[in-house]
Amino acid sequence: MSAHGGGKAILAAFAANIGIAIAKFIGWIISGSASMLAEAIHSVADSGNQLLLLLGGRRARRAADREHPFGHGRERYVYAFVVAIILFSVGGVFSLYEGVEKLTHPHAVENAWLPIAILVIAIGLESFSLRTAVKESNAVRERGQSWVSFIRRAKAPELPVVLLEDFAALIGLTLALLGVGLTVLTGDAVFDALGTICIGVLLILVAIVLGIETKSLLVGEGASEADFERIVAAIEAGPEVEKLIHVKTLYVGPEELMVAGKVGLPQDISVADAARDIDAVEARIREAVPAARIIYLETDVYRAPHEPGPPTETFILKSSD
């Protein structure tokens, strides 16, 4: 997986979540805290998430074949979608169930010092994981781009998934700590149950956000507004093209952009000169947007509106961002 795929962030999150999950299960067995059990299931789900993301990155690297001529890059979108819909939702639904169960059948928290200590340590480990994800994201995030925009516009799904996972984990740990702490202070187990329910709601909301974003990637997204403008500028920068008739873009994988367009060339140009000019245009596009690895340019004879002959399209179609 490339650096843009957040490999270091995924491994850091996986290592942290495995250790945290074991500690939380031990804390739940000793204390009986519902919030601790919900957080343990959350950490197990997160660990599975990271394994799926790594698997998706590995499968995406398979070479193109006759059945998949554009390669398998979208496998990363598929696995990210599975992470969003199944594992997050499973963790969220289980937390809701456990919270409601504890509301109807309250259970005192025993040995409260242990789950509190585990939650504090877990917050530290999750903070380290989030710091790693933020560091990797900053390496590819555009200057001045907000985090919301980065999550919405990122073409590689792994970093947004890990960022939201770690953010949700920190909020969940804080809720669990608050629930256990209030239960210890008041002796009322309802706070532990309410903390568990809040964790479940949080996970389901994150699952919905990730599901919407990865669904958009699966359906097919075009180049960002900035990259699209660079592509248009690269086509029009040289003397070869008299008119850019239209251009469309589509990501066939997180780091592979397809550009298809129709360009108007002079009427008296030879086939050899046309081929040379198209090669020059393609070279400029790849230099401007390195992700544009697949380029198809159709040539046409451009006629000005006042010239005789059938009308020629003269519009540029922008791909959806």
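The structure contained in this document is the topic of the report that follows.

Cut-offs and rules
- Residues numbered from 1 in each chain as written.
- Predicted model: local features only at pLDDT ≥ 70, side-chain atom pairs only at ≥ 80, totals over all residues.
- Heavy atoms only, no water.
- Pairing = 2+ DSSP bridges.
- Helix = DSSP H or I, 4+ residues; strand = E, 2+ residues; numbered from the N terminus.
- Axes fitted to C-alpha atoms, helices over the stretch in contact; angles between N-to-C directions.
- Parallel < 35°, antiparallel > 145°, perpendicular 65-115°, else oblique.
- Left-handed = near helix turned anticlockwise from the far one by under 90°.
- Contact = heavy atoms within 4.5 Å.
- Nonpolar A, V, L, I, M, F, W, Y, C, P; charged D, E, K, R; others polar.
- Core = buried A, V, L, I, M, F, W, Y, C linked by side-chain atoms within 4.5 Å.
- Buried < 20%, exposed > 50% of the residue type's maximum accessible area, 1.4 Å probe, protein only.

A look at the sheet that holds strand β3 (residues 292-301)
Overall, mixed pairing links the 3 strands, which are arranged β1-β2-β3 in an open sheet. Whereas interior strands pair on both sides, the edge strands pair on one side only; in this sheet they are β1 (243-253) and β3. Ignoring which end each strand starts from, the neighbouring axes of this sheet average 15° apart. Sheet topology places strand β2 (residues 256-265) next to β3; 9 bridges connect them, and they run parallel. In the strand pairing of β3, K262 is matched with E298.

Quick look at the packing of helix α1 (residues 7-31) against helix α6 (residues 158-186)
Here α1 crosses α6 at 30°, and the two axes come no closer than 11 Å. The orientation of α1 with respect to α6, classified from their angle, is roughly parallel. In this structure, the crossing between α1 and α6 has a hand that is left-handed. The segment α1 lies against α6, with A9, I10, A13 and K24 engaging E158, L159, V162, D166 and L173. Residue composition of the contact of α1 with α6, by class: 6 nonpolar, no polar and 3 charged.

Quick word on the nonpolar core
Residues L53, F88, V162, V206 and L210 are the most contacted members of the largest nonpolar core, which totals 36 residues. The element that contributes the greatest number of residues to this core is α6, accounting for 10 residues. Residue contacts for F88: discarding those within four places in its chain leaves D46, N49, V83, E165, L203, V206, A207 and L210. With 24 residues, the next largest nonpolar core counts V232, V247, V263 and V281 among its residues.

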